[in-house]
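Report on the structure
Letter by letter, the chains look like this.
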Amino acid sequence: MAKDRTVREARRPKKSGKKYAPPAKTLEDAVGPFERAQREAETNRWAALRRRFRNGALGAAVARAFRSDDEREFSIDIKSFDGDQDRFDRRRIMAGAHDVAARLMLAAAIDGSEGLASELRCGGPVVAFDVADPFELETVEACWQEVIFGEDAGKTASVGSKKTPYPRQDPRGFHLVVKELPKIAYGSTRQKEALAALAAARPIIALSPDAATHLPDALVRAGLTRLTLGPLAPRTIAETIRIVTGEKVRTVIEPEVAARTGLAEIGIAVRFDRSAAECVSRLRRLASAKVRDSDSRDLTLDQIHGLPKEAIEWTRGFVRDIESFRNGGPWLADAGVVWNGASGVGKTTLVRCLARETKCELLVTGHTRWQSHADGHLGHFLRLMTADFAEAKRRSEVASIRSGSGCVILFVDELDSFSDRASLTHSHRSYETATINGFIACCDGLGGADGNTGLADGRDYRKPRIVLMGATNDYRRCDPAVLRSGRFNRVITIPLPDTDALEAMMRVRLDRDLEDEDLTDLALMAAGFTGADIERVVNDARRLARHANVPLELEHLKRAFGDRELSAARRERIAVHEGSHILVDVMLHGPEGAYATMTSVGDRLAGAFRLQDADAPGTFGDHFRRLMVLLAGRVGETETYGAPSDGGGGSLGSDLHQATSEACAMAASFGLAGPPIFLGPASSTERLLSFPEVRTKVIGLLARAEDACAKMIAGNRGALDEIAARLVRDGRIEGKAVAAVLAAHGTHVPAGGIADSKTFTGKDVP
């Protein structure tokens, strides 16, 4: 023995003047016992597999000759739980790299919880593994018993098994796998089953997407050890590749690649017939594909144009607050905002850009997603809605554990689907009332989570940091309780972009194309467009250029605006209609911000509009002026052709629909026409019109506005003819040009418009 020791000492490298230093500890030394055991077992198993499948090209031929004993050694059991009964469909499938990764991830989680390994051997802990992804949950379900109990795998009993009673001998432990939110009706039964399992003083292992919402309350309160599985660590990915391929990973697996790699990606990319480098390369490609899919509109906040000052200030402040929090400051971010505006103005795009800019996780959901779940019954709706809010909490907790400052943006689209409960009168109002109540309860439940863990610096790293954002086309339709402070703290309206913003949007989407071209005329043609319309136009222009096999030119962009082919007579009538709108609008409100265009978008053949309404006090005169502008188109047609066309009505959102709604609100909601009375919200036009007295007042208001408008147009008939001719010739006209035409015909328009106190007081309204 002494001789052997002397030989070993002689073989050690020696340096003059320095004592021998043992080699530095490697990453392997930090591996816990559970993970080390899994590594050894999987390494041996896959080494044998590679020996039998010597050549990857011969894999199919060898698989056909695969013997039954080989199948048992290299496959796993999948037990699919069906319904509320213990009915299992057992089938045997080939184990893949995803199974290896799941075992290592599970073992590492157990090793990472101090004292849990010894408790599982000698005590009766309650351990819950949160696995959000359905595929990953099934994969963990197939292997957890072998990882935790080893030779005793299969000797556990299911909590609350109805078909198979507990074994006569004491079970090794109990298990519970819950993949969907349980039904409320079974709550008492589940509680009794959980208490019975706890009384046995054996380990209880629970698998679910979220322990707080899926498991019985008795288990949650019984000193639950809650472990979140995922995302995969770079070390786990590298070790999986080594086990499956037999080669060490020589390159660094980037954290961002690991963050976008799940068990499914491991199963796709990692195979024993590939080299380690090839596996890593495939994982990187899969991660990049995820980025491309999620960032289809890859814009930054600086590239989003057309936002009002309030929106710009809020987004900048939000970014600063998140950065301060990540640098150790307190949580001061505004945790609730509603983006209000017409379809296509960029509400969803803005939220996605905010998430990218702040590196917050984004969870997009909404009423339509919850309504379409299963059969759309109330229980299905509430179950999926609760699951989405629970998923936001889980993601925030995972991010907090990883970085210490996790934040999730929960974006609820179509928020106006949660309409005012007081205005519901239809037969299924009880359904909608229940959905609104459930949504309010979910919003109120975002304030905290069980199992918070405070650290030395006083910050609560486990507390969910969730920012609630919503989008709506008309926030006035939302239930007031949804929009109150504490849920959604503020409403920010995004108007239609002006011509400068439209030109900037085109530049962003054109990138470096047409850099030297002047797009001012095109921006004027696009007046009334949204960001989505501009994106469609640029894509159509690129398509035209590609079909012609030539570089993109300005002519392609002009053609992409896609004016419809109309007869000369039809085009002239439309020009008179829109010219009348902008003439009356400029005379009543001034020229700033008024536009009319002959460019068609969707079902709209042309349009006249004001990009941003004035901040008016909402008097009778303010509403009456709006009535006049809405009715001006049909009045101008009557003045020019003797009768109006059907272009001003016939659909929701038409001139007549908006004018009727405005007059109805004046008479029965705002108390501005006749005696002051409130019969319902301004948005409930159909209900308000059910009162005969209201219909009489509405007819009187519309007739009076039409008469006032007819006098205004008749007195400026020459100006209207010239405005219509310009629209036919140029396809567009702006408010300043209209004011100049009026001035040339003897009508001077002040900057704020004409104020006729006699016409706009409303004192003579019956």
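The structure we're discussing is the one just above.
Predicted model, so just to flag it, every value in this text is computed and none were measured. (Residues numbered from 1 in each chain as written. Predicted model: local features only at pLDDT ≥ 70, side-chain atom pairs only at ≥ 80, totals over all residues. Heavy atoms only, no water.)

Remarks on the side chain of Glu-662
Tracing the sequence through the fold places Glu-662 in helix α27 (residues 655–668). Not counting residues within four places of it along the chain, the set of residues in contact with Glu-662 comprises His-623, Arg-626 and Leu-627. (Helix = DSSP H or I, 4+ residues; strand = E, 2+ residues; numbered from the N terminus. Contact = heavy atoms within 4.5 Å.)

A few points about the packing of helix α25 (residues 568–589) against helix α31 (residues 735–744)
Contact geometry for α25 and α31: axes closest at 10 Å, N-to-C directions at 85 degrees. Of the possible angle classes, the one that applies to α25 and α31 is roughly perpendicular. Along the contact surface, α25 presents Ile-582, Leu-583, Val-586 and Met-587, while α31 presents Gly-735, Val-738, Ala-739 and Leu-742. For the contact of α25 with α31, the class distribution of residues is seven nonpolar, one polar and no charged. (Axes fitted to C-alpha atoms, helices over the stretch in contact; angles between N-to-C directions. Parallel < 35°, antiparallel > 145°, perpendicular 65-115°, else oblique. Nonpolar A, V, L, I, M, F, W, Y, C, P; charged D, E, K, R; others polar.)

So, the sheet that holds strand β13 (residues 594–597)
With respect to topology, three strands assemble into an open sheet ordered β14-β13-β15, the strand pairing being antiparallel. Strand pairing shows two members of the sheet lacking a second neighbour, β14 (607–610) and β15 (732–734), which therefore form its edges. On average, each strand axis in the sheet is tilted by 10 degrees relative to the strand beside it, whichever way the strands run. Against the sheet, helix α30 (residues 717–730) contacts β13 and β15, and its axis sits at roughly 130 degrees relative to β15. α31 contacts β13 and β15 of the sheet and is inclined by roughly 80 degrees relative to β15. (Pairing = 2+ DSSP bridges.)

Observations concerning the pairing of strand β11 (residues 466–472)
Most of β11 is tucked away, with seven of its seven residues classed as buried. Residues of β11 alternate between two faces, with Ile-466, Leu-468, Gly-470 and Thr-472 on one and Val-467, Met-469 and Ala-471 on the opposite face, all of them buried. Examined bridge by bridge, strand β8 (residues 336–340) and β11 share five bridges and lie parallel to one another. Counted as the bridge partner of Gly-336 is Leu-468 from β11. Inspection of the sheet shows strand β10 (residues 408–413) paired to β11 by five bridges, in the parallel sense. In the sheet register, Ile-409 faces β11, and the bridge partner there is Val-467. (Buried < 20%, exposed > 50% of the residue type's maximum accessible area, 1.4 Å probe, protein only.)

Quick word on the pattern of salt bridges
Under the defined criterion, the tally for this structure stands at 35 salt bridges. For the salt bridge of Glu-239 with Arg-39, the shortest nitrogen-to-oxygen distance reads 3.7 Å. A residue pair is termed long-range when its members are at least 10 positions apart, and Glu-239 in helix α11 (residues 234–245) and Arg-39 in helix α2 (residues 33–52) qualify at 200 residues. Arg-39 shares its class with Glu-239; the two are buried. Arg-45 serves as the salt-bridge partner of Glu-42, at 2.9 Å between the closest nitrogen and oxygen. Of this pair, Glu-42 and Arg-45 both sit in helix α2, three residues apart, which is roughly one turn of the helix. Three or more residues joined by partner-sharing salt bridges are found here, namely Glu-35, Arg-39, Arg-235, Glu-239 and Arg-242. (Salt bridge = Lys/Arg side-chain N within 4 Å of Asp/Glu carboxyl O.)

Quick word on a negative patch on the surface
Where like charges cluster on the molecular surface, the negative patch consists of Asp-511, Glu-515, Asp-516, Glu-517, Asp-518, Glu-553 and Glu-555. Among the secondary structure elements, Asp-516 is positioned in the loop between α21 (499–510) and α22 (520–525). (Patch = residues over 30% accessible without salt bridge, like charges linked within 9 Å, V, L, I, M, F, W, Y side chains within 5 Å. Areas by Shrake-Rupley, 256 points an atom, 1.4 Å probe, with all protein chains shown as cover. Lys, Arg positive; Asp, Glu negative; His and termini not counted. Charge placed at Lys NZ, Arg CZ, Asp CG, Glu CD.)

A look at the packing of aromatic side chains
Applying the stated criterion across every chain, the model contains 12 aromatic pairs. Ring centres of Phe-389 and Phe-439 lie 6.1 Å apart, and the angle between their planes is 75 degrees; this geometry places the pair in the edge-to-face category. One end of the pair, Phe-389, is in helix α18 (residues 378–403); the other, Phe-439, is in helix α19 (residues 429–444), with 50 residues separating them in the sequence. The exposure classification of Phe-389 matches that of Phe-439, with both residues buried. Look at Phe-418 and Phe-439: their rings are 4.3 Å apart centre to centre, the planes differ by 15 degrees, and that puts the pair in the stacked class. Here Phe-418, found in the loop between β10 and α19, pairs with Phe-439, found in helix α19; they are 21 residues apart in sequence, far enough to count as distant. Here Phe-418 falls in the buried class, since its relative accessible area comes to 0%. (Phe/Tyr/Trp six-rings, centres within 6.5 Å; stacked < 30°, edge-to-face > 60°.)

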